[in-house]
Amino acid sequence: MFKVNPYRPGAGLMPTYLAGRDEDIQEINQMFEALILKIPSPSVIFSGLRGVGKTVLINQLQRNAEEKGIFCKHIEVEERNDFIAQIATCAQAFLRKVSAKEKFRHLIQKPLDAIKSLVVSFDPNDSTFSLSVQEQELYKTNSLTQSLTDVFVTIGETAYETDTPVCFFIDEIQYMKQEELGAVISALHRVNQLGYPVMVIGAGLPKIYKMLSEEKSYSERLFIYKEISSLSEEQSAKAIAEPAKRFGVVYTEAALGEIIKITKGYPFFIQQMCQVVYKNTESGQIGEADVERNLQEFYHVLDTGFFKVRYERCAESDKKFIFAMVKCGELPCTISNVAKNLHKNVNSISTTRAQLINKGIIYPVRYKELDFTVPEFSGYIKRLDAYQQWCQE
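Below is a summary of the structure that appears in this document. Fair warning: this is a prediction, and the values are worked out from it, not measured in the lab.

1. Focus: the side chain of E258
Relative to the elements of secondary structure, E258 occurs in helix α11 (residues 253-263). According to the relative accessible area criterion, E258 is buried, its value standing at 12%. Among all residues touching E258, those that are not within four sequence positions of it are E288, V291 and E292.

2. Section: the nonpolar core
As a rule of thumb, soluble globular proteins bury nonpolar side chains together. Counting 77 residues, the largest nonpolar core has F32, F46, I201, Y251, F321, F377 and I381 as the members making the most contacts within it. If one sorts the elements of this core by residue count, helix α12 (residues 267-279) sits on top with 7 residues. In contact with Y251, not counting residues within four places along its chain, are Y7, I240, A241, A244, L256, I259, C274 and I286. Counting residues in hydrophobic clusters, the runner-up holds 48 residues, among them F83, I84, L148 and A159.

3. So, unusual backbone geometry
For the bond running from L331 to P332, omega is 0°, close enough to zero to count as cis. Structurally, P332 can be placed in the loop between α15 (316-327) and β8 (333-334). Positive phi is not limited to glycine here, since D163 has a value of about 55°. Among the structural elements, D163 can be located in the loop between α6 (144-162) and β3 (166-171).

4. Observations regarding the pattern of salt bridges
Summed over all chains, the structure comprises 15 salt bridges. Of the charged contacts, one joins K245 and E242 as a salt bridge, the two residues approaching to 3.3 Å between their closest N and O atoms. Of the two residues, K245 and E242 both sit in helix α10 (residues 233-245), 3 residues apart, roughly one turn of that helix. Under the relative-accessibility criterion, K245 is labelled partly exposed at 49%. E258 is the salt-bridge partner of K261, the closest N and O atoms lying 3.5 Å from each other.

Basis of the calculations
Residues numbered from 1 in each chain as written. Predicted model: local features only at pLDDT ≥ 70, side-chain atom pairs only at ≥ 80, totals over all residues. Heavy atoms only, no water. Helix = DSSP H or I, 4+ residues; strand = E, 2+ residues; numbered from the N terminus. Buried < 20%, exposed > 50% of the residue type's maximum accessible area, 1.4 Å probe, protein only. Contact = heavy atoms within 4.5 Å. Core = buried A, V, L, I, M, F, W, Y, C linked by side-chain atoms within 4.5 Å. Salt bridge = Lys/Arg side-chain N within 4 Å of Asp/Glu carboxyl O.

Put into structure tokens, the structure is as follows:
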């Protein structure tokens, strides 16, 4: 017999009850109101570890913005995907929306030319525009920053004239190339100076703060930075209990406390654990014994999915670096202690360190200190036979 399960673990899947983000949602909804009134709003960057719900949050904010009549597009940056192609596609979608109204069609050519220049110069494999050789030469430019600024400014001007504010939602910002990130910052800066209703809401791993500050000194004034972390005990209890209430299922206080202790308040872990416990419990009350009985399955699901996917992306040298981090004991750990555990000097492991940061596996916490971007990843490593064997070598 099929049993409806109210818990939804997954990459960016909206939970049936979104706990602990009310304050952030309310604040950004007010920014949307300002954007609608053509009052320039700062862009927002959310950062946090894997599994804290960054994507869920920006997806909810996108729904809110769309309900208010703001033109929105979601971009997920990937290591192998071209960000420029994605932003050009989003800009074209905006122009299609505006051109649907006859009285605004005369505003389209200027931003369309800017998009052509961006695509022809920085995404030569894109077949969106059929241009002659002469036209291609006409639209070519060597400056990504200038091209993207032209796109944002002309889009912003059109947004202003048509009362159609724009918000781009950019997820996984840490995978943007440094040149692309710098171009986005410059483009947003110019749009803000001109007072056009365009903003960006982004999300990424903690390393994005360093990326932004290193790229442009004024980025700290351009963005509102918000750190998304695990839920408090009260918020966690609501995330656990509220989805089950609609089906007449309740948790005992002991069960709630045990789940919070095991998951440490990370939203993805809460969803995953509750999905397993709920699935395997037939009564209308979930107790501490039910939680403990399903603990092994919970770890098995994480180990074979959430953790393993990230571990398998690592080369052998990466894995040894990770083992050395775990062997340090307490995290974050210093790069010097990692080198000591590998029996190498610090300089010789700097390339591996950079690769793991670029892959989104680790991040620099403080000067010369490192931690994993995935909560409880060290526990998974300790459960691996490969780690145990390495420790004995």
